[in-house]
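# Overview (structure and organization)
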Amino acid sequence: MDESDKKDLEKLSDEDLIEHFQQGDNRAYELIVKRYKNQLLNFVFRFLNNQEEAEDVVQETFLRVFRNRFAYTRVAKFSTWIYTIAGNLARTELRRRKRRRLFSISDMGLEDRDYEIADDMLNPESQANSTLQEEIIQREISKLSPKFREVIILRDVQELSYEEISKIIRVPIGTVKSRVNRARLRLQNRLKSLLEKHKSQP
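Residues numbered from 1 in each chain as written. Predicted model: local features only at pLDDT ≥ 70, side-chain atom pairs only at ≥ 80, totals over all residues. Heavy atoms only, no water.

Relative to the assigned elements, Ser-79 resides in helix H5 (residues 78-99). In this structure Ser-79 comes out as buried when scored by relative accessible area, which is 9%. A distance of 2.4 Å separates polar atoms of two side chains, one belonging to Ser-79 and the other to Glu-164. Not counting residues up to four positions away in its chain, the partners in contact with Ser-79 are Tyr-36 and Glu-164. (Helix = DSSP H or I, 4+ residues; strand = E, 2+ residues; numbered from the N terminus. Buried < 20%, exposed > 50% of the residue type's maximum accessible area, 1.4 Å probe, protein only. Polar contact = N/O pair within 3.5 Å; in protein donor to acceptor, adjacent residues only side chain to side chain. Contact = heavy atoms within 4.5 Å.)

Below, the structure is given as structure tokens:
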């Protein structure tokens, strides 16, 4: 493929890319991975609060996209389809972890805490200044129950629409909105109390 063909492919929508991949163009698959790798890692990492498990889930997600590419149809947005796969795998991993009795919402090692999802839009200085705040927010998100944690990440971190979240987790839009509102309220209350506690310390 020459450079002009490559650029033309990069301009395609997700739906057009998967169609090209279904027709045997593996470069289209590579572009799908490039487009979604970081945002899926961000979503799954925040949901599971574990770097290694998040990477495994995202790798398995792309493997399933590769194997099941013909299962996708344009009835749904491609982003909805791939987030549904990642969300299902993440929830399965969470249940497996609970069965092993290894689940601990406060267990976050130094390696995990230093883990950053790559984002070219953030400069190093702003990342350094917001590290502590980010850790506190992530810790409080991880304390939410999975059903609240998932919707708050999809809505406020991934910035997906209520309609798309409804399709991904397969519950009515009203339920999604209710869960998001309740999750936000719980986070606000917890973060507010943490801030007040911090201010009261000498």
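Moving on, we get to the packing of helix H2 (residues 14-22) against helix H3 (residues 26-48). Contact geometry for H2 and H3: axes closest at 7 Å, N-to-C directions at 145°. Considering only the axes of H2 and H3, their crossing is left-handed. On H3, the residues touching Asp-14, Leu-17, Ile-18, His-20 and Phe-21 of H2 are Asn-26, Ala-28, Tyr-29, Leu-31, Ile-32, Arg-35 and Tyr-36. Partitioned by chemical class, the residues of the contact of H2 with H3 number 8 nonpolar, 2 polar and 2 charged. (Axes fitted to C-alpha atoms, helices over the stretch in contact; angles between N-to-C directions. Left-handed = near helix turned anticlockwise from the far one by under 90°. Nonpolar A, V, L, I, M, F, W, Y, C, P; charged D, E, K, R; others polar.)

Bringing the packing of helix H8 (residues 146-157) against helix H9 (residues 162-169) into the picture now. Closest axis-to-axis distance for the H8/H9 pair is 10 Å, and the angle between their directions is 140°. The chirality of how H8 crosses H9 is right-handed. Two secondary-structure elements touch here, H8 through Glu-150, Val-151, Leu-154 and Arg-155 and H9 through Tyr-162, Ile-165, Ile-168 and Ile-169. Residues of the contact of H8 with H9, tallied by class, amount to 6 nonpolar, no polar and 2 charged.

Not every positive phi belongs to a glycine, and Asn-49 is a case in point at roughly 60°. Inspection of the secondary structure puts Asn-49 in the loop between H3 and helix H4 (51-67). Its identity as a non-glycine residue notwithstanding, Arg-170 has a phi of 60°, on the positive side. On the basis of relative accessible area, Arg-170 is assigned to the exposed category, the value being 67%.

Looking now at the packing of aromatic side chains. By the definition in use, this model includes 9 aromatic pairs. Centre to centre, the rings of Tyr-72 and Trp-81 are 5.4 Å apart; their planes meet at 55°, and the pair counts as tilted. You can call Trp-81 buried: its relative accessible area is 17%. Following the ring pairs from residue to residue traces out a cluster consisting of Tyr-36, Tyr-72, Phe-78 and Trp-81. Across the ring face of Phe-47, the terminal group of Arg-149 is positioned such that the distance to the ring centre comes to 5.3 Å. (Phe/Tyr/Trp six-rings, centres within 6.5 Å; stacked < 30°, edge-to-face > 60°. Lys NZ or Arg CZ within 6 Å of the ring centre and 35° of its normal.)

So, about the environment of Asn-50. Following the sequence through the fold, Asn-50 ends up in the loop between H3 and H4. With relative accessibility at 21%, the residue Asn-50 sits in the partly exposed group. Among all residues touching Asn-50, those that are not within four sequence positions of it are Phe-45 and Arg-97. Within the local environment of Asn-50, its side chain forms a polar contact with the backbone nitrogen of Glu-52, the two atoms lying 3.1 Å apart.

One finds Val-44, Phe-78 and Tyr-83 to be the most contacted residues of the largest nonpolar core, which totals 48 residues. For this core, the elements supplying multiple residues, two or more each, are H2, H3, H4, H5, H8, H9 and helix H10 (173-200). For this core, the element with the most residues is H3, which contributes 12 residues. Once you skip the residues sitting within four places of it in the chain, Tyr-83 turns out to touch Tyr-36, Gln-39, Leu-40, Phe-43, Leu-154, Gln-158, Leu-160 and Ile-168. (Core = buried A, V, L, I, M, F, W, Y, C linked by side-chain atoms within 4.5 Å.)

Let us now look at H8. Each turn of an α-helix holds 3.6 residues, which means side chains three or four residues apart point in the same direction. In a regular helix each residue adds 1.5 Å, so 12 residues correspond to 16 Å; H8 covers 15 Å between its end C-alpha atoms and thus fits that length. Among all positions in H8, only Phe-148, Arg-149, Glu-150, Val-151, Ile-152, Ile-153 and Leu-154 are buried. One or two steps after H8, the chain reaches Glu-159, where phi turns positive at roughly 60°. (Expected span 1.5 Å × (residues − 1).)

The values are spatial; any link to function lies outside them.
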